[in-house]
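Coordinate inspection notes
If you want the building blocks of each chain, they are given just below.
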Amino acid sequence: MLIKKLIIGIASLGLLFGGASNRTVAQMPHQTHNSATSQTSEFQRIEQPLWVKGVVTASGLGLIGLEVWWFLFSKPKSRNAEAHDGIQEVTITVDGGYEPSRVVVNAGKPVRLNFLRRDKSSCLEQVVFPDFHIAQDLGLNQVTPIEFTPQQPGQYTFACGMNMFRGIVEAK
């Protein structure tokens, strides 16, 4: 949600600054120059106030920092499964992705993942576990349990029906 708000805010600022002047550069009439008194060049320098240059530079550096953090330093939220009556169980909220997106379980023991779908998008209507040959539809605002047993230690992925949102079950 924070990322969506940030993108909307930046886009709004772009529209605000873009619409601040009555005329855009493309609509300005060409100025004629006397070729004998001045040199004409293909491009003319447009002077910008220092504060505009500072805002553009700071925005660019902020976006670069956000991308670096997102792709290199943000870690998926993880949760260990809790055992109830011999079954390892975790509730996963489906709302713009999977929360938590990483679940740690013990290999060789049954696992029950309870998917609570809050997102209305059609992409998240289904969850697929290719390693276990499971494809389950998720009801909106309903808990849908999915049970399987990872026999070997390793990482088992799950994804939405369109493979856009992913999660991992790590068996140890």
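Residues numbered from 1 in each chain as written. Predicted model: local features only at pLDDT ≥ 70, side-chain atom pairs only at ≥ 80, totals over all residues. Heavy atoms only, no water.

Side note on the packing of aromatic side chains
- Considering all chains together, one arrives at 8 aromatic pairs under this definition.
- Arranged with centres 6.1 Å apart and planes meeting at 80 degrees, the rings of Tyr98 and Phe115 form a pair that is edge-to-face. Within this pair, whereas Tyr98 is found in strand β4 (residues 98-99), its partner Phe115 is found in strand β6 (residues 111-117), the two being separated by 17 residues in sequence. Taken as a pair, Tyr98 and Phe115 share a single burial class, namely buried. (Phe/Tyr/Trp six-rings, centres within 6.5 Å; stacked < 30°, edge-to-face > 60°. Helix = DSSP H or I, 4+ residues; strand = E, 2+ residues; numbered from the N terminus. Buried < 20%, exposed > 50% of the residue type's maximum accessible area, 1.4 Å probe, protein only.)

Comments concerning the sheet that holds strand β7 (residues 126-129)
- Spatially, the 6 strands line up as an open sheet ordered β1-β5-β11-β10-β7-β8, and their pairing is mixed. Two strands in the sheet have a free side with no partner beyond their single neighbour: β1 (78-80) and β8 (134-137). Shown here is a sheet whose adjacent strand axes are inclined to one another by a mean of 20 degrees, direction ignored.
- Bridging between strand β5 (residues 102-105) and strand β11 (residues 166-171) involves 4 bridges; their strand directions are parallel. (Pairing = 2+ DSSP bridges. Axes fitted to C-alpha atoms, helices over the stretch in contact; angles between N-to-C directions.)

Considering unusual backbone geometry
- Omega for the peptide link from Glu99 to Pro100 comes to 0 degrees, which places this bond in the cis form.
- Mapping Pro100 onto the fold places it in the loop between β4 and β5.
- In this structure, Asp85 takes a positive phi of about 55 degrees despite not being glycine.
- In the Ramachandran plot, Asn163 falls in the positive-phi region, its phi being about 60 degrees despite a non-glycine side chain.
- Among the secondary structure elements, Asn163 is positioned in the loop between β10 (154-160) and β11.

Section: the pattern of salt bridges
- For the coordinates displayed, the defined rule picks out 4 salt bridges.
- Among the salt bridges present, the one from Arg112 reaches Glu89, with a minimum N-O distance of 3.5 Å. Residue Arg112 is located in strand β6, and its partner Glu89 is located in strand β3 (residues 87-94); the two are separated by 23 residues in the primary sequence.
- The class of Glu89 is partly exposed, set by a relative accessible area of 22%. (Salt bridge = Lys/Arg side-chain N within 4 Å of Asp/Glu carboxyl O.)

As for the side chain of Glu170
- Mapped onto the elements of the fold, Glu170 is located in strand β11.
- In this structure the side chain of Glu170 is engaged in a polar contact, spanning 3.2 Å, whose partner is the side chain of Arg102.
- Setting aside residues no more than four positions away along its own chain, Glu170 makes contact with Arg102, Val103, Val104, Val105, Gly154 and Gln155. (Polar contact = N/O pair within 3.5 Å; in protein donor to acceptor, adjacent residues only side chain to side chain. Contact = heavy atoms within 4.5 Å.)

Section: the nonpolar core
- Formed by 24 residues in total, the largest nonpolar core has its most connected members in Tyr98, Leu113, Phe115, Phe129 and Phe148.
- For this core, the elements supplying multiple residues, two or more each, are β3, β5, β6, β7, β9 (143-148), β10 and β11.
- Excluding anything up to four places from it in sequence, Phe129 contacts Leu113, Phe115, Ile134, Ile146, Phe148, Thr157, Phe158 and Val169. (Core = buried A, V, L, I, M, F, W, Y, C linked by side-chain atoms within 4.5 Å.)

Remarks on the pairing of β10
- Bridge count for β7 against β10 is 2 bridges, and the pairing is antiparallel. The partner of Val127 across the bridge, within β10, is Cys160.
- In this structure, β10 lies alongside β11, joined through 6 bridges in antiparallel fashion. When the bridges of β11 are listed, Ala159 appears paired with Arg166.
- Turn length for the β10-β11 hairpin, with the two strands adjacent in sequence and antiparallel, is 5 residues, and the turn residue Asn163 shows positive phi of about 60 degrees.

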